[in-house]
Amino acid sequence: NETKDLTNRDQIYYDSILMEMPNAIIVCDQNFKLIQSNRAFDRLFGKNKLEDGDDVKQFFTNSSIFVPNEAFNDFTITNNHECTLMIKQEDETIVHLQTNVLAVGSNYSITMSDVSQIVSYNQLIKEEKSKSDKLLASILPPNLVARVQAGEKKISFAVPSATILFMDIVEFTPWCASGTATGVMSILNLLYRYFDASLAQGKTLTKIKCIGDCYMAAGGIFSELNQPAVHAKEAVEFGLAAIDNVMQLNQEKNEKLQIRVGINTGGPVVAG
């Protein structure tokens, strides 16, 4: 009788702990029939909660409760199985549940932890990293982006030959003085968009930077094969296209802008 009392006391103690656990927990037998669930599970699933003897496997494959995803489709009740499941609550809120299956004696214990906040944070970090990567890619050539992201500080290299191109607007200062700051920036923004689109046609060309009204680009500095005739030709073609871009802008905006284009091919060139 004393042993039975101790067993009953231990069972009551175990049940009280199980019921008050903050994570949703269910216990099922080897045939995946529900033995017990705690209050957190009942609160989480509400009207969809399980009753004693219900089929747990059938519950976890119910697409009206769980949002189908890769983890959902692969979910099986086996020892040490882990995955993240999603449920849609009545207010349309998506809850992400880190689900763990553990064999306890002849039964299975399934624990579900709400990790929605962690998933949200990770998604936010992913989005911010994507923005950072796009910004970096707009500043640096693709083969340098990976090196910068890897933490490399001192990046320098040399190429046998390169074509360097500078363009600037003729009489830029008086033109600026004749218009408003907003108008000047609007025209420059449109002009540089045209230049960027034309530059993209040259496979060996890379935009280096803009300095006021000066647009700097280079050809051949990031090419795997150094071909002076190719990057020189592409730079000249870009310069001619840029002059056409200015003529196009003048017609669209009723302007009278002119640009100077200077190009030089030579080497070796050291950059960093």
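See above for the structure.
Basis of the calculations
- As a convention, each chain's residues are numbered from 1 in the sequence order in which they are written.
- Only residues with pLDDT of 70 or above have their local features reported here, since the model is predicted, and side-chain atom pairs are shown and tallied only from 80 upward, although totals for entire chains, interfaces and linings are computed over all residues.
- Side-chain numbers come from the whole structure's heavy atoms, not from hydrogens or water.
- Burial classes: relative accessible area under 20% of the type maximum marks a residue as buried, over 50% as exposed, and values in between as partly exposed (1.4 Å probe, protein chains only).
- In DSSP terms, a helix is any run of H or I states spanning at least four residues, a strand is any run of E spanning at least two, and both are numbered starting from the N terminus.
- Note on pairing: two strands pair once DSSP finds at least 2 bridges between them.
- What is meant by a nonpolar core is a set of buried Ala, Val, Leu, Ile, Met, Phe, Trp, Tyr and Cys residues, joined one to another through side-chain atoms within 4.5 Å.
- It only takes one pair of heavy atoms within 4.5 Å for two residues to be counted as in contact.

(A) Quick look at the pairing of strand 1 (residues 24–28). With five of five residues buried, strand 1 is to be regarded as a mostly interior element. The alternating pattern of strand 1 places Ala24, Ile26 and Cys28 and Ile25 and Val27 on opposite faces, both of which are buried. The pairing of strand 1 with strand 5 (residues 107–114) spans five bridges and is antiparallel. By the bridge assignment for strand 5, Ile25 is matched with Thr111. Taken together, the three bridges between strand 1 and strand 2 (residues 34–37) define a ladder with antiparallel strand orientation. Note on strand 2: the bridge partner recorded for Val27 is Gln36. Hairpin geometry of strand 1 and strand 2 is characterised by an intervening segment of five residues between the two adjacent antiparallel strands and by a positive phi of about 65° at Phe32.

(B) Up close: the environment of Ala232. Relative to the assigned elements, Ala232 resides in helix 9 (residues 228–253). Separated by 34 residues in the primary sequence, Ala232 and Gly266 place their C-alpha atoms 9.5 Å from one another.

(C) Examining the nonpolar core more closely. Of all hydrophobic cores here, the largest spans 26 residues; its most connected members are Ile26, Phe45, Val56, Phe60 and Met112. Looking at which element gives the most residues to this core, the answer is helix 2 (residues 39–45), with four residues. Contacts of Val56, omitting those with residues within four sequence positions, involve Ile26, Cys28, Phe32, Lys33, Leu34, Leu50, Ile77 and Ile110. Membership of the second largest hydrophobic core comes to 24 residues, among which are Ile169, Phe172, Leu188 and Leu191.

Interpretation in functional terms is not warranted from these geometric data alone.
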